[in-house]
Structure formats: structure tokens, C-alpha cells
Amino acid sequence: MAHVASVNISEKRGTVKHEVPEIRLRLRHGIVGDAHAGDWNRQISLLAEESIDRMRAALPQLKPGAFAENINTVGIALKNLPVGTRLRIGETEVEVTRIGKECHNDCAIKKAAGTCVMPTEGIFAVVVKEGTVRAGDAITVVGEEVRS
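Residues numbered from 1 in each chain as written. Predicted model: local features only at pLDDT ≥ 70, side-chain atom pairs only at ≥ 80, totals over all residues. Heavy atoms only, no water.

Visitor: With reference to specific residues and values, describe the overall build of the protein.
Guide: Along the backbone of the protein there are three helices and eleven strands. Element order for the protein, N to C, with α for helix and β for strand: β-β-β-β-β-α-β-β-β-α-α-β-β-β. Going through the 148 residues of the protein one by one, you find that 45% of them count as buried. Residue pairs at least 24 apart in sequence account for 68% of intrachain contacts in the protein once pairs closer than 6 positions are excluded. Summed over its atoms, the accessible surface of the protein is roughly 7600 Å², and 51% of this surface lies on carbon and sulfur atoms. (Helix = DSSP H or I, 4+ residues; strand = E, 2+ residues; numbered from the N terminus. Buried < 20%, exposed > 50% of the residue type's maximum accessible area, 1.4 Å probe, protein only. Contact = heavy atoms within 4.5 Å. Areas by Shrake-Rupley, 256 points an atom, 1.4 Å probe, with all protein chains shown as cover.)

Rendered as C-alpha cells:
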């Protein structure tokens, strides 16, 4: 089953995100307390642990939030989800708005490893249903839930 591996925030732009016990998602805002929150199309960033693991071959010290991602996932191929896909994450729901983004010119990971997964494998989303997200919360694609 797909699930949340970690949740991460940064209070200031330009700083590395750090792992926190939980995040609160707010409609038309994103994550309460995160520097990248606001009424725009990149309220929340998600990156699969499977993508990060490939980067750990070159940079074993990578920690959650190193790519400025808010939610690390396990067991879901984020990079294959089309824009418009809705994900239920714990009690919340988000809608994918963008796949990838360009790295900053000073991207430390790209400089150290020669590549970065965020531009092609990270995704961005907006909040559709508010709530709290914690490590361990289940992730399902809306419409693909197992029916009893």
C-alpha cells in the first residue's frame, strides 16, 4: 500500500526543508507554516522515496526535505500521474497541478551528483480537502480505491 514516508516544511524560502511530525493542509493556501504556501499552483510538493534512493547512490547523506519536497511517498509512481489526478492522503485530498520544475542554478544536489530528480520526478499539487497529514498515512488515487 502506498503511504507517506515523511512530511517536511521550511519556514523561510531558500532553506532546506526539515522533517516534522505532521503538516496541516489548508484550502487555497497549502501547508500551514511552510514558506511556499499561498494561493498558487505549487502549494505542495511530493517526491517518491524510490526516486530519492537512486540519488542516495551518489549522495548517501540525503535526508527528507533535501529536494525542498513537502511529502515523501513510498509505493506510488508519482512521476506517472497526469495533471488533474486527485490523491487522498490520510484525511486530506490534493490535485496534481504540475510534474517537475527546473532546478535553481545553485542546486547543491545537482552540483554534487551531476543530476537531480526533482525536475522530472517531483510533482506539485493544490489542496482540495483540508486536514492533517502524518508519516504512515495511506495514499490512494481517487477513483482507484478498493471497493468492498
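Visitor: Quick rundown of the packing of aromatic side chains? Include the residues and the values.
Guide: Taken as a whole, this structure holds zero aromatic pairs when the rule is applied. For the cation-ring pair, Arg 42 lies above Phe 124, with the distance from its terminal atom to the ring centre recorded as 5.0 Å. (Phe/Tyr/Trp six-rings, centres within 6.5 Å; stacked < 30°, edge-to-face > 60°. Lys NZ or Arg CZ within 6 Å of the ring centre and 35° of its normal.)

Visitor: Describe helix H1 (residues 49–56), and please don't skip the residues or the numbers.
Guide: Inspection of H1 places Glu 49, Ser 51, Ile 52, Met 55 and Arg 56 among the buried residues, and these make up the whole buried set. Along the long axis of H1, the arc covered by the buried residues comes to 155°, so they all point the same way. (Arc of directions from axis to C-beta.)

Visitor: Which residues make up unusual backbone geometry, and what values go with them?
Guide: In the Ramachandran plot, Arg 28 falls in the positive-phi region, its phi being about 55° despite a non-glycine side chain. Following the sequence through the fold, Arg 28 ends up in the loop between strand E3 (22–26) and strand E4 (30–31). A relative accessible area of 57% places Arg 28 in the exposed class. Phi angles above zero are rare outside glycine, and Ala 68 is one such case at about 65°. Inspection of the secondary structure puts Ala 68 in the loop between H1 and strand E6 (71–74).

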